[in-house]
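Residue-level listing of the chains:
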Amino acid sequence: MSETTDPEALDTARRRKPPAKSARGRVTMTDIARAAGCSQATVSFVLNNSPGIKLSQQTRERVIEAARALGYSPPAFSALQKPLPAFEGLDGVIGFAVDQLATSPEAVVAIEGARQASWNAGNVLLVAQTLGDSVMEPRAIAALTKRGISALIYMTIFTREIVAPDYLYGLDIPVILLNCYTADYAFPAVVPSEIAGGQSSTRHLTSHGHRRIATITGEPWMQAAQDRLKGYRRALATADIPFDPELVVEGDWSASAGYAATVKLLALKDRPTAIFCQNDRTAIGCYEALKEAGLHIPQDISVVGYDDEEIARHLFPPLTTSILPHMAMGQWAIEQLEAPAAPGRGRYPITKLECPLVERESVRAVAAVS
């Protein structure tokens, strides 16, 4: 972590007027971070006496002095002043709570991204699946905090706005939201840039001369489906292609829905020359329906997917698709622990990470009309 060691700056920080206590009437690690001029993670590492963290002695003294000046008394963390036996010798421990783990590859990818970034800094990641249960989720997070975590990453499988539970606001450690965000912007949050991803996918087809471009959506209540459709429509508008609602077929992200939707599209009097499937599983069903109809990909119809699941590169032909950036999102979440604490409770912009297009062999230029 990068902390200032300039003597003049340190002296200024020591003479700085302590900030007012939080609205809850007690001093928090956020207050200490503001007074000491460092991040919340640094405060947590110092107060928890986490071994192995590479902080200067001046920084440690500055944090301790700020905590004492503010009268910080951490009852909830008093048991954490000494590392638990099971974690002796570790540099630090970061908690990762996710609502669904076993049923979703996205969670595993995000956790791997966070693990890589954590291990690079000498930290360990502890993961808990909560299922979003109103009773068990707070118990799971409490179990993580009792293990001495220095920060918490809170992830949802479906990209969405959430109402953060009160216990997240009450934690005296940094909280990072992954694949979700709150209306009050109280926590750093990262989500995929889905509108841009849908736009890029469709623009790739228009750049190959396609004008009859269909799309098979996900479930319409999901933000990812809404945003990918917005991107699709924006790309059409940019290319001066009129929007045709009969080229939009609702799906549910499954291969069977992709198959059924493709059959419906092929029955149109003026069938599409390209299909944007809004996830790779939908594209699997699309492939099957096209091949069953005796059509060749991409000679007869081009196909684009989304998510870049492992199966995408093994389809025949390999599927052009967009990377859902959960790996990068997990890494981003860890990197935010280096950022200085925001003034007051904090108001953080939502970070949107690009969904890069991976070009493979499922797209070609539309055949010229003779």
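Residues numbered from 1 in each chain as written. Predicted model: local features only at pLDDT ≥ 70, side-chain atom pairs only at ≥ 80, totals over all residues. Heavy atoms only, no water.

**Q** So what exactly am I meant to see when it comes to the pattern of salt bridges here?
**A** For side chains bearing opposite charge, pairing can occur when the charged atoms are close. Under the counting rule described, the total for this entry stands at 12 salt bridges. When the shortest N-O distance is used, the salt bridge between D244 and R212 registers 2.8 Å. Of this pair, D244 sits in the loop between α9 (223–238) and β7 (248–249) while R212 sits in the loop between α8 (194–206) and β6 (213–216), and the two are 32 residues apart along the sequence. A salt bridge links K230 to D227; the shortest N-O distance between them is 3.9 Å. Residue K230 and its partner D227 are located together in helix α9, separated by three residues, close to a single helical turn. A relative accessible area of 43% means that K230 is categorised as partly exposed. Here the residues in one salt-bridge network are R212, D244, E246 and D270, joined through shared partners. (Salt bridge = Lys/Arg side-chain N within 4 Å of Asp/Glu carboxyl O. Helix = DSSP H or I, 4+ residues; strand = E, 2+ residues; numbered from the N terminus. Buried < 20%, exposed > 50% of the residue type's maximum accessible area, 1.4 Å probe, protein only.)

**Q** Whenever I open this one, the nonpolar core confuses me. Can you help?
**A** Note that soluble globular proteins tend to have their nonpolar side chains buried in a common cluster. By size, the foremost hydrophobic cluster in this structure holds 38 residues, and its most contacted members are I32, L47, L152, Y154, L168, L177 and F187. The leading source of residues in this core is helix α2 (residues 29–36), at five residues. Dropping the residues within four chain positions of it, Y154 is found in contact with A97, E137, I141, I162, P165, L168, I176, L177, L178 and C180. Among the nonpolar cores identified, the runner-up in size contains 33 residues, and Y232, L268, I301 and V363 belong to it. (Core = buried A, V, L, I, M, F, W, Y, C linked by side-chain atoms within 4.5 Å. Contact = heavy atoms within 4.5 Å.)

**Q** Please clarify how the packing of helix α5 (residues 105–120) against helix α12 (residues 326–335) should be interpreted in this entry.
**A** How two helices pack is summed up by the angle between their axes together with the distance between the axes. Running from N to C, α5 and α12 cross one another at 40 degrees; their axes reach a closest spacing of 7 Å. By the angle between their directions, the pair α5 and α12 is classed as oblique. In this structure, α5 meets α12 at a crossing whose hand is right-handed. Contact residues: E106, V109, A110, E112, G113, A114, Q116, A117 and S118 in α5; H326, M327, G330, Q331 and I334 in α12. Here the contact of α5 with α12 is composed, by residue class, of six nonpolar, six polar and two charged. (Axes fitted to C-alpha atoms, helices over the stretch in contact; angles between N-to-C directions. Parallel < 35°, antiparallel > 145°, perpendicular 65-115°, else oblique. Left-handed = near helix turned anticlockwise from the far one by under 90°. Nonpolar A, V, L, I, M, F, W, Y, C, P; charged D, E, K, R; others polar.)

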